Amino acid sequence: GAVVSQHPSRVICKSGTSVKIECRSLDFQATTMFWYRQFPKQSLMLMATSNEGSKATYEQGVEKDKFLINHASLTLSTLTVTSAHPEDSSFYICSARVLGRGARDTQYFGPGTRLTVL
Amino acid sequence: DQQVKQNSPSLSVQEGRISILNCDYTNSMFDYFLWYKKYPAEGPTFLISISSIKDKNEDGRFTVFLNKSAKHLSLHIVPSQPGDSAVYFCAASLYGNKLVFGAGTILRVKS
């Protein structure tokens, strides 16, 4: 399968600071990447869809000014949690959709980033 | 509104036996379905998928069955192995749009 990496894998920050998470497709180009959030013992919640070279599409209830997404290249998307608060603590996972390889609509996921806001 | 449901939060199976994980959906327009496996603190790993024009897809120990009239799909793992112990998510897609995930089922394979 396609390889997607995330960095950092774990981050602890103080309340009020901003945190940037990187998502990279290592062996393919991804025109579309997705950002998810998972709370303990719950399913993956889609936050936004990131398309290379255009603005991200946010899901209902997700603050676009708080969760800034940039997809500047075909292999990199970033999620910046601005002015983080303890309620933003969660497991953030990105995925990339592979076109023309394997099954249709298959998303390959990164390993996730555990964010803890103190 | 949960469009994809996994009603069993957990399942326990003996090693070597068959594991059957179930998933129901409500939107008859979904045209593609996937199963993912997830370990704690890791991202989901793609397992197997099926198009709505098929009713079965097999890959090694994993087989997915789709019953469109019942809006039901299932994942069969046989034989089950201790390394299969993880959370399994089913997901559905509509014409290439975003995936909608179920809540997940924890599978425990006992040796």
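To keep things clear, this report deals only with the structure shown in the data block. (Residues numbered from 1 in each chain as written. Chains lettered and ligands numbered in written order. Predicted model: local features only at pLDDT ≥ 70, side-chain atom pairs only at ≥ 80, totals over all residues. Heavy atoms only, no water.)

### Re the overall build of chain A
Item 1. Along the backbone of chain A there are zero helices and eleven strands.
Item 2. Reading chain A from its N end, one meets helices and strands in the order β-β-β-β-β-β-β-β-β-β-β.
Item 3. Taking 118 residues into account, the globule formula puts the C-alpha radius of gyration at 13 Å, and chain A, at 14 Å, falls close to it.
Item 4. In terms of overall dimensions, chain A has C-alpha extents of about 40 × 30 × 25 Å along its principal axes.
Item 5. Looking at chain A as a whole, 53% of its 118 residues are labelled buried.
Item 6. Restricting the contact set of chain A to residue pairs at least 6 apart, pairs at least 24 apart contribute 56%. (Helix = DSSP H or I, 4+ residues; strand = E, 2+ residues; numbered from the N terminus. Rg over C-alpha atoms; globule rule 2.2 N^0.38 Å. Buried < 20%, exposed > 50% of the residue type's maximum accessible area, 1.4 Å probe, protein only. Contact = heavy atoms within 4.5 Å.)

### Topic: the interface of chain B and chain A
Item 1. Listed by partner, the interface residues are 21 residues for chain B and 21 residues for chain A.
Item 2. Overall, the association of chain B and chain A removes approximately 1,500 Å² of surface from exposure, summing both partners, and the carbon and sulfur fraction of that is 57%.
Item 3. Among the residues of chain B in contact with chain A, Tyr32, Lys98 and Phe101 of chain B are the three that bury the most area, contributing 29% of the side total.
Item 4. Seen at the junction of chain B and chain A, the total is one salt bridge.
Item 5. A salt bridge links Lys98 of chain B to Glu59 of chain A, with the nearest nitrogen and oxygen atoms 2.5 Å apart.
Item 6. Across the chain B-chain A interface, the total number found is five residue pairs in polar contact (both at pLDDT 80 or more).
Item 7. Within the residue set of the side of chain B that touches chain A, elements represented by two or more residues are β4 (32–38), β5 (45–51), β9 (86–93) and β10 (99–101) of chain B.
Item 8. Tallied by class, the residues present in the side of chain B that touches chain A amount to eleven nonpolar, six polar and four charged. (Buried area = accessible area lost by both parts, 1.4 Å probe. Salt bridge = Lys/Arg side-chain N within 4 Å of Asp/Glu carboxyl O. Polar contact = N/O pair within 3.5 Å; in protein donor to acceptor, adjacent residues only side chain to side chain. Nonpolar A, V, L, I, M, F, W, Y, C, P; charged D, E, K, R; others polar.)

### Focus on unusual backbone geometry
Item 1. For the bond running from His7 of chain A to Pro8 of chain A, omega is 0°, close enough to zero to count as cis.
Item 2. Locating Pro8 of chain A in the fold gives a position in the loop between β1 (4–7) and β2 (10–13).
Item 3. With omega at -10°, the peptide bond leading from Val78 of chain B into Pro79 of chain B counts as cis.
Item 4. With respect to the secondary-structure elements, Pro79 of chain B resides in the loop between β8 (72–77) and β9.

### Points about the state of the cysteines
Item 1. Applying the stated rule across the entire model yields two disulfides over all chains.
Item 2. Two residues, Cys23 of chain A and Cys94 of chain A, share a disulfide whose sulfurs are 2.0 Å apart. A torsion of 80° about the S-S bond marks the disulfide between Cys23 of chain A and Cys94 of chain A as right-handed. With a gap of 71 residues between them, Cys23 of chain A in strand β3 (residues 19–25) and Cys94 of chain A in strand β9 (residues 90–97) connect regions that are remote in the sequence. The residues Cys23 of chain A and Cys94 of chain A share a single accessibility class, namely buried.
Item 3. Covalent S-S linkage joins Cys23 of chain B and Cys90 of chain B, the inter-sulfur distance amounting to 1.8 Å. Disulfide Cys23 of chain B-Cys90 of chain B: torsion about the S-S bond near 55°, hence right-handed. Linking Cys23 of chain B in strand β3 (residues 19–25) with Cys90 of chain B in strand β9, this pair joins segments that are 67 residues apart in sequence. (Disulfide = S-S within 2.5 Å.)

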